[in-house]
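# Survey of secondary and tertiary structure
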Amino acid sequence: NFVVIDQIGQLGIGETSPDSLLHLKSTSASKPILKIENEQGGANPVSIQMLRNTSSPADDDFIGQLDFRSMNDAGTPEEILYAYISAQSTDITDGTEDGEINFHTMKAGTLTNTLELKSGNATFGGSLVVSGDTANGSYLGHINNTGSQSEDNGLHIQIASSGSGAHGLKVQTG
């Protein structure tokens, strides 16, 4: 391996022509690996921080993004973004700040917002599939309402479906 710093200060490790501030490249299997290690014995975690430090912050600013890319099988292979995770500051008002994280995945050639975590809520962009082993009397999942129970405040499940032969809720046994 070799280290290169180009004329504009971009660092290449294993790359002679870096195209970003830090460019790591390897031809070995399961490499490169970026390892961040802390030997402190306390309970504090190691941290990766993304700070969007701007003089004009605004609602709905994108803070950071992790991209997952690979090549496709076109005649001349193309670099494709198969999935990414993005973070956004949806409300920057002091004292009432809100944020969200979105998980996007590729489906039939189109990136879709698969999961949104926003202000304490989770929204799925597709079907929610729950699977597992229900042997020995276990359950696939539980829905627990820890709030107070009343006519207007409690656990509400709304099931809607459309189309011929569609089932809003179908329970089968045996």
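Note: the structure precedes this text.
Our subject in this report is the structure included herewith. (Residues numbered from 1 in each chain as written. Predicted model: local features only at pLDDT ≥ 70, side-chain atom pairs only at ≥ 80, totals over all residues. Heavy atoms only, no water.)

### Side note on the overall build of the chain
Along its length, the chain carries zero helices and eight strands. Ordered by position from N to C terminus, the α and β elements of the chain give β-β-β-β-β-β-β-β. Nonlocal contacts in the chain, meaning residues at least 24 apart in sequence, comprise 15% of its contacts between residues at least 6 apart. Of the roughly 14500 Å² of accessible surface on the chain, 50% is carried by carbon and sulfur atoms. (Helix = DSSP H or I, 4+ residues; strand = E, 2+ residues; numbered from the N terminus. Contact = heavy atoms within 4.5 Å. Areas by Shrake-Rupley, 256 points an atom, 1.4 Å probe, with all protein chains shown as cover.)

### A closer look at the environment of Glu-97
Turning to its location among the elements, Glu-97 is positioned in the loop between β5 (79-91) and β6 (98-107). By relative accessible area, Glu-97 is classed as partly exposed at 47%. Along the sequence, Glu-97 and Asp-59 sit 38 residues apart, while their C-alpha atoms lie 9.3 Å from each other. Here Gly-95 takes part through its backbone nitrogen, which lies 3.0 Å from a polar atom of the side chain of Glu-97. (Buried < 20%, exposed > 50% of the residue type's maximum accessible area, 1.4 Å probe, protein only. Polar contact = N/O pair within 3.5 Å; in protein donor to acceptor, adjacent residues only side chain to side chain.)

### Concerning the sheet that holds strand β1 (residues 3-5)
Picture the strands of a sheet paired through backbone hydrogen bonds; they go either parallel or antiparallel. One open sheet accounts for three strands, arranged β1-β2-β3; its pairing is mixed. Each of the sheet's edge strands pairs with one partner strand only, and the pair in question is β1 and β3 (22-24). Neighbour-to-neighbour, the strand axes of this sheet turn through a mean angle of 15°, independent of strand direction. Here three bridges tie β1 to strand β2 (residues 11-13), and the two strands are oriented antiparallel to one another. (Pairing = 2+ DSSP bridges. Axes fitted to C-alpha atoms, helices over the stretch in contact; angles between N-to-C directions.)

### Points about the pattern of salt bridges
Taken as a whole and assessed by the stated rule, the structure comprises six salt bridges. Among the ionic pairs, Arg-52 bridges to Asp-61, the shortest N-O distance being 3.0 Å. On the basis of relative accessibility, which here comes to 41%, the residue Arg-52 falls in the partly exposed class. (Salt bridge = Lys/Arg side-chain N within 4 Å of Asp/Glu carboxyl O.)

### Digging into the layout of surface pockets
One number sums up the size of the largest pocket: a volume of about 310 Å³. As for the largest pocket, its lining consists of Leu-24, Pro-32, Leu-66, Asp-67 and Arg-69. Of the residues forming the lining of the largest pocket, the biggest block, three residues, is contributed by strand β4 (residues 61-71). A class-by-class count of the residues in the lining of the largest pocket yields three nonpolar, no polar and two charged. (1 Å grid on protein atoms, 1.4 Å probe; cavity = no way out; pocket = protein on both sides within 12 Å on 5 of 7 lines; lining within 4 Å. Points joined across faces, edges and corners; volume = space filled by probe spheres on them. Nonpolar A, V, L, I, M, F, W, Y, C, P; charged D, E, K, R; others polar.)

### With respect to unusual backbone geometry
Each neighbour pair has its own omega, and for Lys-31 with Pro-32 the value is -5°, a cis peptide bond. Tracing the backbone shows Pro-32 in the loop between β3 and β4. One non-glycine residue with positive phi stands out, namely Ser-30, at about 60°. With respect to the helices and strands, Ser-30 occurs in the loop between β3 and β4. By relative accessible area, Ser-30 is classed as exposed at 67%.

### Some remarks on the sheet that holds strand β7 (residues 110-118)
Taking strand neighbours across the sheet as the criterion, the five strands line up as β4-β5-β6-β7-β8 in an open arrangement whose pairing is antiparallel. Edge strands, defined here as strands with exactly one partner in the open sheet, are β4 and β8 (121-124). Across this sheet, the average inter-strand angle for adjacent strands is 20°, counted without regard to direction. Inspection of the sheet shows β7 paired to β8 by four bridges, in the antiparallel sense. Across the sheet, the residue bridging to Glu-116 is Thr-123, located in β8.

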